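Spelled out, the chains give:
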Amino acid sequence: MERPLTQYIHPGCPPFDIREYEMTGGYSALQKVLKSMTPQEVQKLVQDSGLKGRGGAGFNTGMKWSFVPMGDSAPHPKYLIANADEMEPGTFKDRLLLEGNPHQLIEGMILAAYAIQADVSYIFLRWAYKKAAQLLRKSIHEAYAAGLLGKNILGSGFSLEMHLHTGVGRYMCGEETALLNALEGKRATPRAKPPFPQISGLYGKPTIVNNVETLCNLPHIVNNGAEWFKSLGNGSADSGTKLYGVSGKVNNPGCWELPMGVTVRELIEEHAGGMKNGYQLKGFLPGGASTDFLTAEHLDVKMDFASVTAAGSRLGTGTMVVMDDATCPVGFVHNLQHFFAQESCGWCTPCREGLPWVEKLLLSLEQGSGTTEDVELLQMHTQWLGPGNTFCALAPGAMEPLQSALKYFREDFEKHVALRRCPYQ
Amino acid sequence: MITQKINKDNITTSGDTAHYTEGLQEEQYLTDLERQAIDHEVALVPYKSAAVIEALKIVQHHRRWISDDSLNAIAAYLQMSPAEVDSVATFYNLIFRKPVGRHVILVCDSISCYVMKYGDIYKALQEKLHIKFGETTSDQCYTLLPNCCLGCCDHAPAMMIDNDLYKDVTVDMLDRILQKYS
């Protein structure tokens, strides 16, 4: 089984420096591209490979790039940004790539920047990833010293600057237009689209924001081709491998690179070692806090974009949070809504006002003072804060675990009302 | 031109940037080290205000938190109004607008840590330090804060103290961890 993204990552060992990275084939994709491919050819290759964004939305990466103005009349500077602001609760996959092989990300970024002819690139890194920051700073420095960044890279005429930006903590910064505002020193509120960032992004210039895992795939696609990348998907409609994670009361929580489309059962039972002794699986969020619950009846669902959607949820980030039978679903969802209410940027009213209300309703249920009407009110909020009613995807994302909890664990909500206490305590 | 010494009464939300940008006193508030670091960041962006988050980080690094005086000084230095700077400073979780202790303990309270009972860790910390979330010990040693997902869900519960990450935290570990910070 091929694991292109993590084959040289050995947790506990320091990551490769530039020399070790180059000795194992690193930066050969960059040399190949600079010598023999046009930006358009790189775009087409990535589009053909079927690589979809690994940050959660799952949009074809090559297609996303294709909207960037190209040619002599295109506005400059153009920007390429690595979204390393991993902050979706339950998600810890990009940390592995950032700490495990920083040069892989840097090479991926230079390739993406070449494909869109960007002049400046940023890594927007989460503040909490202190080790990653240190490693990235060192690696960027090494890449500059080796002539892989800066002016006239490897004599190709292509130039690229790279900066590391560490954030100061806000979930909204993961939304790409909010991220742009944060980079410009503003409050991280989302921007109206259109214009899309590809046309008017950072400082009003064409900009691409790609997730870390997405970018890390690029050197391997360039080296091995689109067909190879598709074949990694092991019978799935989606190409490539994926970093999957499992957390919660399982025997072996962790993060693994596996072929796209591995089943939930394989993930939980094989890789995560099954549930801890004495606990049963009650439900799980397949791809982070803003994805709908699935339950034990979905164990054979394939973890790819289409299959998880068909099951009624989203692949999201592919890092799963498991809820066991000793954990109260109302308390679980209250924790999620507390997070979303706190992290709402306050820009639009349904999200700013609705989420704290949802949080309070859940708290009153959990504390035993909730009523049947409160449960109904929660149900209504899943509509009011749903898609189309808010400025960005934060509130609709927050409603996903709530609506599915009301669907699958309704009895638990009703028991809180009937007993006037939390039955799990 | 207003050159009065800045103090807490001098915060205004008038949006009138002129009298701040002209005041030399405010600029003198920042140390050479802080100004050099801010100048370095300003050189990387197309206009000064784009460096405001970096400036807040720099001043906080030197002074632990952003006081009203610091805020006014940054505003003057970057030719922004204090209200603009405060709107940014108060937006982000890790810019502190109130004094914090020498060490900031960030306990992850997000979902995986909830399932793995971060509540027990919080309860033990409360008992040991006699403070709740948002409070600082009377000796100014620790500030205790809740924090969103630290991206360490496979080793929950997790917490950070200053720049150090602690994984698979148990109540028994806390005394030994806290000893490292004084």
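Residues numbered from 1 in each chain as written. Chains lettered and ligands numbered in written order. Predicted model: local features only at pLDDT ≥ 70, side-chain atom pairs only at ≥ 80, totals over all residues. Heavy atoms only, no water.

## Considering the domain arrangement of chain A
All names here are of chain A. Here is the rule we go by: An automatic or database domain assignment supplies the residue ranges for each domain. Salt bridges are identified by distance alone: a Lys or Arg side-chain nitrogen within 4 Å of an Asp or Glu carboxyl oxygen. Contacts described as polar in this section are N or O atom pairs within 3.5 Å, which, within protein, must combine one atom able to donate a hydrogen with one able to accept it, while residues neighboring in sequence count only if both atoms come from side chains. In DSSP terms, a helix is any run of H or I states spanning at least four residues, a strand is any run of E spanning at least two, and both are numbered starting from the N terminus.
If you check the domain split of chain A, you get domain 1 (18-232), domain 2 (241-324) and domain 3 (329-419). Measuring from the centre of the C-alpha atoms in domain 2 to the corresponding centre in domain 3 gives 23 Å. Summed over the shared surface of domain 2 and domain 3, the number is two salt bridges. Between Lys282 and Asp412 there is a salt bridge, with its nearest N and O atoms 3.1 Å apart. Between domain 2 and domain 3 we count five residue pairs in polar contact (both at pLDDT 80 or more) in total. Residue assignment for the side of domain 2 that touches domain 3 shows that the elements contributing at least two residues are strand S7 (281-285) and strand S8 (319-324). The element that contributes the greatest number of residues to the side of domain 2 that touches domain 3 is S7, accounting for three residues.

## Considering helix H14 (residues 349-366) of chain A
Residues and elements named next belong to chain A. Applicable threshold: The span expected for a helix works out to 1.5 Å for each residue beyond the first. Accessibility here uses a 1.4 Å probe with only protein chains present; expressed as a share of the type maximum, an area under 20% marks a residue as buried, one over 50% as exposed, and anything in between as partly exposed.
Under the 1.5 Å per step criterion, the end-to-end length of H14 is 26 Å for 18 residues, consistent within 8% with the ideal 26 Å. Burial in H14 covers these residues: Cys351, Gly354, Leu355, Val358, Glu359, Leu361, Leu362, Ser364, Leu365 and Glu366. Looking one or two residues beyond H14, the residue adopting positive phi is Gly368, at roughly 90 degrees.

## Things to note about the interface of chain A and chain B
Put simply, the rule reads: Contacts between residues were defined by any pair of non-hydrogen atoms, one from each residue, lying within 4.5 Å. A simple way to read buried area is as the amount of 1.4 Å-probe accessible surface that goes missing from two parts once joined, with both sides added. Each residue gets one of three labels, nonpolar for Ala, Val, Leu, Ile, Met, Phe, Trp, Tyr, Cys and Pro, charged for Asp, Glu, Lys and Arg, and polar for the others, Gly among them.
Counting from both sides, the interface comprises 51 residues of chain A and, opposite them, 39 residues of chain B. Counting the surface chain A buries against chain B, the share from its top three residues, Trp127(A), Val168(A) and Arg187(A), is 19%. At the junction of chain A with chain B, the criterion picks out zero salt bridges. At the boundary of chain A and chain B, one finds 20 residue pairs in polar contact (both at pLDDT 80 or more). The biggest single contributor to the side of chain A that touches chain B is helix H13 (residues 329-343) of chain A, with eight residues. Here the residues of the side of chain A that touches chain B are counted per class, giving 22 nonpolar, 17 polar and 12 charged.

## Observations concerning the sheet that holds strand S3 (residues 161-166) of chain A
All names here are of chain A. Stated precisely, the cut-off is as follows: When DSSP finds at least two bridges between two strands, those strands are taken to pair. With axes taken as lines fitted to C-alpha atoms, and helix axes fitted only over the stretch in contact, angles between N-to-C directions fall between 0 and 180 degrees.
Pairing is parallel in the open sheet, where four strands are placed in the order S3-S2-S1-S4. At either margin of the open sheet sits one strand with a lone partner, and together these are S3 and strand S4 (207-211). In this sheet, adjacent strand axes meet at a mean angle of 20 degrees when their direction is disregarded. Relative to S3, helix H7 (residues 130-145) is tilted by about 170 degrees, and along the sheet it contacts strand S2 (120-125) and S3.

## Some remarks on the nonpolar core
Selection rule: Side-chain atoms within 4.5 Å link the members of a nonpolar core, which is a set of buried Ala, Val, Leu, Ile, Met, Phe, Trp, Tyr and Cys residues.
Judged by nonpolar contacts, the single largest core of 185 residues is most densely connected at Leu105(A), Ile110(A), Ile123(A), Leu355(A), Tyr92(B), Ile105(B) and Leu125(B). Residue contributions to this core peak at 10 residues, all from helix H6 (residues 102-116) of chain A. Setting aside residues up to four positions removed in sequence, Ile123(A) forms contacts with Ala82(A), Ala84(A), Leu105(A), Met109(A), Leu136(A), Ile140(A), Met162(A), His163(A), Leu164(A) and His165(A). The next biggest cluster of nonpolar side chains, apart from the first, holds 24 residues, and it includes Val250(A), Trp256(A), Leu258(A) and Leu294(A).

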